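Structural description and commentary
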Amino acid sequence: MGKPSRVNQTTLSDFLLLGISEWPEEQTLLFIIFLGMYLVTMMGNLLIILAITSDPHLHTPMYFFLANLSITDACFTSASIPKMLVNMHTQSQSISYSGCFAQLYFLLVFGGLDNLLLAVMAYDRYVAICQPLHYSTAMSPQLCALMLSICWALTNCPALTHTLLLTRVAFCAHKAIPHFYCDPSALLKLACSDTRINELMIITMGLMFLTAPLLLIVLSYVRISWAVFGISSPGGRWKAFSMCNSHLTVVLLFYGSLMGVYLLPPSTHSAERESKVAILYMVIIPMLNPFIYSLRNKDMNEALSKLFGSGKTIFLS
């Protein structure tokens, strides 16, 4: 006997998001779990943003990019999770044609921006550790604003182009997407027309948003490692390392989850596995980021304490 299916009320132009589980009795529990994670994600990133904007001591390039990363994480999660929660609550699987492509566009924008900001933050740490005397000029407020603007332009243009190209694709009658969001690769598998240009666009965006930022991050940390190991004092080495351990943790979690999908042999790929990994980098990591950047960070703890009107630090023991 097959698994029970949820109630589907769709039109011919709707797509079906099969979600995480096909069992109706699991939907209430999953709804509570993901609603809780979503609220923690939004609250945690909002606190990071408020703490940074309200404390003048945190008006530095590192925290400027961290605040923007928190905004990006909140938006990235909001592009998919609210719709998933609505479908769980209503026992529906449908998403409209326009809603699917709108979701895809925002996922591409904020997902790409996440990657680029992590690369920019790695460069910021490289300048701070390897070229400390030139840090104020190399990371001036004007240059930071320019770098952020370039990141936005580099994500919006390809994301919009890719989304518009997908709207020209003819889809077959069966429009079931085996994910909880509108995955571009899964959408192309439903196409009944030529998709070579779309596939080329996916490869191009992968090089722009994954390979290039990761390469910049690796190069930055290679240079940082040489500089740190060149410091004679153990205390100096630890201080230099502590400047980038939070960022490095986030990078390892984020790219580790992506590599868990794209670097494994194709025979090991499955829609269920890819959905679970997508939950990791689309839900869990954005939820953990505020905690990673706050734990053992004296400046963030002091800012959060001021935000709550307390003289005691929150995470430091």
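Nothing here was measured: the structure is a model prediction, and the numbers come from that model.

1. Some words on the overall build of the protein chain
Counting its regular elements, the protein chain contains twelve helices and three strands. Scored against the burial criterion, the 317 residues of the protein chain give a buried share of 45%. Sequence-distant contacts in the protein chain: of pairs separated by 6 or more residues, those separated by 24 or more amount to 74%.

2. Quick look at the pattern of salt bridges
One pass over the structure, following the stated rule, counts three salt bridges. A salt bridge links Asp 55 to Lys 306; the shortest N-O distance between them is 3.8 Å. Taken together, the positions of Asp 55 in the loop between α1 (27-54) and α2 (61-78) and Lys 306 in helix α12 (residues 298-307) put the pair 251 residues apart, joining distant regions of the chain. Take Asp 55: its relative accessible area is 5%, and that puts it in the buried class. Owing to a relative accessible area of 52%, Lys 306 belongs among the exposed residues under this scheme.

3. So, the nonpolar core
Ranked by size, the top nonpolar core spans 88 residues in total, and within it Phe 15, Phe 34, Ile 177, Leu 187, Tyr 281 and Met 282 carry the most contacts. Here this core takes 20 residues from helix α4 (residues 97-130), the largest share from any one element.

4. Describing unusual backbone geometry
Negative phi characterises most residues that are not glycine, and trans characterises most peptide bonds. Phi is positive for Gln 91, close to 55°, though the residue is something other than glycine. Accessibility expressed as a relative area gives 25% for Gln 91, which makes it partly exposed.

5. Quick word on the state of the cysteines
The final tally for this structure, using the stated rule, is two disulfides. In this model Cys 172 forms its disulfide with Cys 192; the gap between the sulfur atoms is 1.5 Å. Its S-S torsion of about 130° marks the bond between Cys 172 and Cys 192 as right-handed, since a negative value means left-handed. One end of the pair, Cys 172, is in the loop between α6 (141-167) and β3 (176-177); the other, Cys 192, is in the loop between α7 (184-188) and α8 (196-229), with 20 residues separating them in the sequence. Here the protein chain pairs its bonded cysteines, counted in sequence order, in the arrangement 1-3, 2-4. Free of any disulfide, Cys 244 has its nearest neighbouring cysteine sulfur in Cys 130, separated by 9.4 Å. Given a relative accessible area of 3%, Cys 244 falls into the buried group.

6. Brief notes about the UniProt feature "transmembrane region" (unreviewed entry) in the protein chain
As annotated by UniProt and renumbered to match this structure, "transmembrane region" (unreviewed entry) occupies residues 29-50, 62-81, 101-123, 135-155, 200-222, 243-265 and 277-295. Secondary structure content for residues 200-222 is 100% helix and 0% strand, while the C-alpha to C-alpha distance between its ends is 31 Å.

7. A closer look at the sheet that holds strand β1 (residues 15-17)
Spatially, β2-β1-β3 is the arrangement adopted by the three strands of the open sheet, whose pairing is mixed. With one partner strand each, in any of the chains shown, β2 (94-95) and β3 form the two edges of the open sheet. The pairing of β1 with β2 spans two bridges and is classified as antiparallel. Its bridge partner being in β2, Phe 15 is matched across the sheet by Ile 95.

8. Some points on the packing of aromatic side chains
In this structure the tally under the stated criterion is 13 aromatic pairs. Aromatic side chains Phe 15 and Phe 171 sit 5.2 Å apart centroid to centroid with 90° between the ring planes, which places their arrangement in the edge-to-face category. You can see Phe 15 sitting in strand β1 and its partner Phe 171 sitting in the loop between α6 and β3, a full 156 residues away along the chain. For Phe 171, a relative accessible area of 15% corresponds to the buried category. Centre to centre, the rings of Phe 110 and Trp 152 are 6.0 Å apart; their planes meet at 85°, and the pair counts as edge-to-face. Within this pair, whereas Phe 110 is found in helix α4, its partner Trp 152 is found in helix α6, the two being separated by 42 residues in sequence. Among the residues examined, Phe 110 registers a relative accessible area of 11% and is labelled buried. Judged by relative accessible area, which is 33%, Trp 152 ranks as partly exposed. Among the aromatic residues, ring-to-ring pairing joins Phe 15, Tyr 97, Phe 101 and Phe 171 into one connected group. Above the plane of the ring of Phe 15 lies Lys 175, whose end atom (NZ or CZ) is 5.6 Å from the centre.

9. Some thoughts on the side chain of His 247
Note on placement: His 247 falls in helix α10 (residues 245-262). Beyond its immediate stretch of four places on either side in the chain, His 247 contacts Leu 118, Met 121, Ala 122, Tyr 221 and Tyr 293.

10. Focus: the packing of α1 against α2
At a closest axis distance of 9 Å, the pairing of α1 and α2 adopts a crossing angle of 155°. By the criterion of interaxial angle, the relationship of α1 to α2 is roughly antiparallel. Seen from above, α1 lies across α2 with left-handed handedness. Across from Tyr 38, Thr 41, Met 42, Asn 45, Ile 48, Ile 49 and Ile 52 in α1, the residues of α2 making contact are Tyr 63, Leu 66, Ala 67, Ser 70, Ile 71, Asp 73, Ala 74, Thr 77 and Ser 78. Looking at the contact of α1 with α2 residue by residue, the classes come out as ten nonpolar, five polar and one charged.

Conventions used here
Residues numbered from 1 in each chain as written. Predicted model: local features only at pLDDT ≥ 70, side-chain atom pairs only at ≥ 80, totals over all residues. Heavy atoms only, no water. Helix = DSSP H or I, 4+ residues; strand = E, 2+ residues; numbered from the N terminus. Buried < 20%, exposed > 50% of the residue type's maximum accessible area, 1.4 Å probe, protein only. Contact = heavy atoms within 4.5 Å. Salt bridge = Lys/Arg side-chain N within 4 Å of Asp/Glu carboxyl O. Core = buried A, V, L, I, M, F, W, Y, C linked by side-chain atoms within 4.5 Å. Disulfide = S-S within 2.5 Å. UniProt positions renumbered as here; feature names shortened; annotations may be inferred. Pairing = 2+ DSSP bridges. Phe/Tyr/Trp six-rings, centres within 6.5 Å; stacked < 30°, edge-to-face > 60°. Lys NZ or Arg CZ within 6 Å of the ring centre and 35° of its normal. Axes fitted to C-alpha atoms, helices over the stretch in contact; angles between N-to-C directions. Parallel < 35°, antiparallel > 145°, perpendicular 65-115°, else oblique. Left-handed = near helix turned anticlockwise from the far one by under 90°. Nonpolar A, V, L, I, M, F, W, Y, C, P; charged D, E, K, R; others polar.

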